[in-house]
Amino acid sequence: MIATTASSYEIPTHGLQILLAVVTTSVSVPLIYLLRRYVDQRPWSGLGLSSPSSGFRYFILGIALLALVTAATLLIGSAAGWLRIVAFHFPVATMLVILINVPIAFFL
């Protein structure tokens, strides 16, 4: 429904993605809170969420795992002859897309 409404206002793709992430987050987080508080009747602390300082290590571990899998895929593909990297081109537009999509993926 949100995508249909946004398309009638001609919102660009990145704007639509940001809008969907914000709406998803603003619906799901309060819903989890309400369900946890009134249906389960247990405290929010019982979810087992870690603090940002203790969770940072696992965040870095996740990034390292992604980098390791990406490197292994590129090395195996190159060694098998399936991939051929001719040049490394990383324009500003690509960086902008990555910077927009990372928080969207986090919230979704």
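Cut-offs applied
- Residues numbered from 1 in each chain as written.
- Predicted model: local features only at pLDDT ≥ 70, side-chain atom pairs only at ≥ 80, totals over all residues.
- Heavy atoms only, no water.
- Helix = DSSP H or I, 4+ residues; strand = E, 2+ residues; numbered from the N terminus.
- Rg over C-alpha atoms; globule rule 2.2 N^0.38 Å.
- Expected span 1.5 Å × (residues − 1).
- Buried < 20%, exposed > 50% of the residue type's maximum accessible area, 1.4 Å probe, protein only.
- Patch = residues over 30% accessible without salt bridge, like charges linked within 9 Å, V, L, I, M, F, W, Y side chains within 5 Å.
- Areas by Shrake-Rupley, 256 points an atom, 1.4 Å probe, with all protein chains shown as cover.
- Salt bridge = Lys/Arg side-chain N within 4 Å of Asp/Glu carboxyl O.
- pLDDT = per-residue confidence, 0-100.

1. Details of the overall build of the chain
Assigned secondary structure in the chain consists of four helices and zero strands. Overall, the chain shows an N-to-C arrangement of helices and strands of α-α-α-α. Computed over the C-alpha atoms, the radius of gyration of the chain is 20 Å, more than 25% above the 13 Å expected from 2.2 N^0.38 for a compact globule of 108 residues. If you line up the chain on its principal axes, its C-alpha atoms span 55 × 45 × 25 Å.

2. Some thoughts on helix α3 (residues 52–80)
The terminal C-alpha atoms of α3, which comprises 29 residues, lie 41 Å apart, in line with the 42 Å expected from a rise of 1.5 Å per residue. Phi turns positive, to about 85°, at glycine 81, one or two residues after α3.

3. Things to note about helix α2 (residues 13–39)
In this model, α2 (27 residues) spans 37 Å end to end at C-alpha, consistent with the 39 Å of a helix rising 1.5 Å per residue. Among all positions in α2, only Ala21, Thr25 and Arg36 are buried. The positive-phi residue at the C-terminal boundary of α2 is glutamine 41, with phi of around 55°.

4. Details of a nonpolar patch on the surface
On the surface, a nonpolar cluster with roughly 1,100 Å² of combined accessible area is contributed by Val29, Leu31, Ile32, Tyr33, Leu34, Leu35, Tyr38, Val39, Trp44, Leu47 and Leu49. Following the sequence through the fold, leucine 47 ends up in the loop between α2 and α3. A relative accessible area of 37% places leucine 47 in the partly exposed class.

5. Quick look at the confidence of the model for the chain
Keep in mind that low pLDDT regions are not for reading the predicted coordinates in detail. For the chain, mean pLDDT is 82; residues scoring 70 or higher make up 92% of the total. Mean pLDDT across the elements of the chain ranges from a minimum in helix α1 (residues 2–8), with 67, to a maximum in α3, with 90.

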